[in-house]
Each structure stands twice: as structure tokens, then as C-alpha cells.
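Close look at the chain arrangement
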Amino acid sequence: DAGVIQSPRHEVTEMGQEVTLRCKPISGHNSLFWYRQTMMRGLELLIYFNNNVPIDDSGMPEDRFSAKMPNASFSTLKIQPSEPRDSAVYFCASSSPGQGIYEQYFGPGTRLTVT
Amino acid sequence: AQKVTQAQTEISVVEKEDVTLDCVYETRDTTYYLFWYKQPPSGELVFLIRRNSFDEQNEISGRYSWNFQKSTSSFNFTITASQVVDSAVYFCALSENSGYALNFGKGTSLLVTP
């Protein structure tokens, strides 16, 4: 079975550019999460979708960040404009609490570097 | 406030030693879930175990075992006869309510040397 798929795996961009990260959750999972990992702040939740609806986006740093989930099999996290402090590893995870799958399965992450 | 505390930042052991990673959590919910994840040098996050707040039975899986004690709000992880491949960062995490978002600890970096 395919796990959570993220693309790209690595992204290097210049400050001010738009960055779009993509995620395909595990088929059948109805909850999707975006996390960010940095040395300073560790792993922190950015946004959480349930059944394609954003439930909690309180972790989104600022208006430069936006996330969408147009259907059950695809989500994007966009940063516009990007800044050097956005450099981090961005993880997407999925789970299905309604089916008793409370553990979240993570994708391989996207390592973003903003110069 | 930090909900999950992993006081050990780094641990170094020699292969075949046993090692215990500590995790202390804080919550006011009566229903919650505790997790351990492994992050090897390759960077992915690998799910190891989930524990429900109403199930205090300890669990053993091969060389791995977990000790859940609600009285001390701890969920410790022991690796028996450690191996070099166990070298990784291990994260303890808490999910409150109905399997919502994970609150991660800062992680414990384990280095197992030959």
C-alpha cells in the first residue's frame, strides 16, 4: 500500500518566490495534517483538515501561508512570498480517527530552503 | 505550555546495552492518546506505538517495550539490547480528544555505537 506521498522532496527557492508543497494522503484516511519541523521549534502543527474541511489553522504562521484540500486525495501548502525563516522540513500526515486509526502516518517530508 | 516533555536531549550507548527514553505528558482530558515516533537519519517519521488513556497495559514488541503510568503521567520507551540501527531521534507525542493533532516533545537523540 502506498503511504503518504509528498512532492517535491527538496525545494530551493529565492526569497520572495511562491512555493507550493503537495501531499497525497493514504487512501481512505479522512484527516490530513501539515507539520513543520525546525531545529528551534521542533515539530509543530500548521493546519488540520477533516473530510477536506480546514478545522484548525491556528498554527499557520501568517497570511503568507495558505493550505487547500480540494478533494480527499490531494492537499497543497503554499507560501507566498517565501522568506528565509520559512526554511524547514514540511511534513504531511494522514489518519482516520473515525475508523479507529488514531495514529498519523507521515510522508517523507519536503525540505524547503529559502535563500 | 509544553504538553510533552522529553528531558533527555541526547543519549549515547554502546551496542547491546538497554536504554530507556523518558516521556512525561500533561493533559486535563480523560481521553487521550500517546504515541512514539522514530526519526532515523534519513528524516522520515515512523510510527512505533499508540496507547489509549484507558489502557495502562504495558506493551512489548520484540526489543521494544513501553511503560505507561497514568499516576506519574509518563510513557517511557525501553530498547533492549540496542543495535546501531536504533540510532535515531525518538519523539513522544500526545493527542487529546478524538485523535486530533499531535503535540510532540522535543525528541531524544539516541546514538548507539558498536
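Please refer to the structure higher up on the page.
This is a predicted model, so every value here is computed, not measured. (Residues numbered from 1 in each chain as written. Chains lettered and ligands numbered in written order. Predicted model: local features only at pLDDT ≥ 70, side-chain atom pairs only at ≥ 80, totals over all residues. Heavy atoms only, no water.)

Turning next to the pairing of strand β12 (residues 108-113) of chain B. Residues and elements named next belong to chain B. Here β12 shows one buried face, formed by Thr-108, Leu-110 and Val-112, and one open face, formed by Ser-109, Leu-111 and Thr-113. As defined by bridge partners, strand β2 (residues 10-14) adjoins β12 across five bridges and the pair is classed as parallel. Residue pairing in the sheet places Val-13 in a bridge with Val-112 of β12. In the sheet, strand β10 (residues 88-96) pairs with β12 via three bridges, with the strands oriented antiparallel. (Buried < 20%, exposed > 50% of the residue type's maximum accessible area, 1.4 Å probe, protein only. Helix = DSSP H or I, 4+ residues; strand = E, 2+ residues; numbered from the N terminus. Pairing = 2+ DSSP bridges.)

Within the structure shown, the criterion is met by 13 salt bridges over all chains. Its salt-bridge partner being B:Arg63, residue B:Asp86 comes within 2.8 Å of it at the nearest N-O pair. With B:Asp86 in the loop between β9 (74-79) and β10 and B:Arg63 in the loop between β7 (59-61) and β8 (64-69), this residue pair connects regions lying 23 residues apart in the sequence. Take B:Arg63: its relative accessible area is 25%, and that puts it in the partly exposed class. The network of salt bridges with shared partners includes A:Glu62, A:Arg64, A:Glu83, A:Arg85 and A:Asp86. (Salt bridge = Lys/Arg side-chain N within 4 Å of Asp/Glu carboxyl O.)

Everything listed here is a matter of geometry and, on its own, says nothing about what the molecule does.
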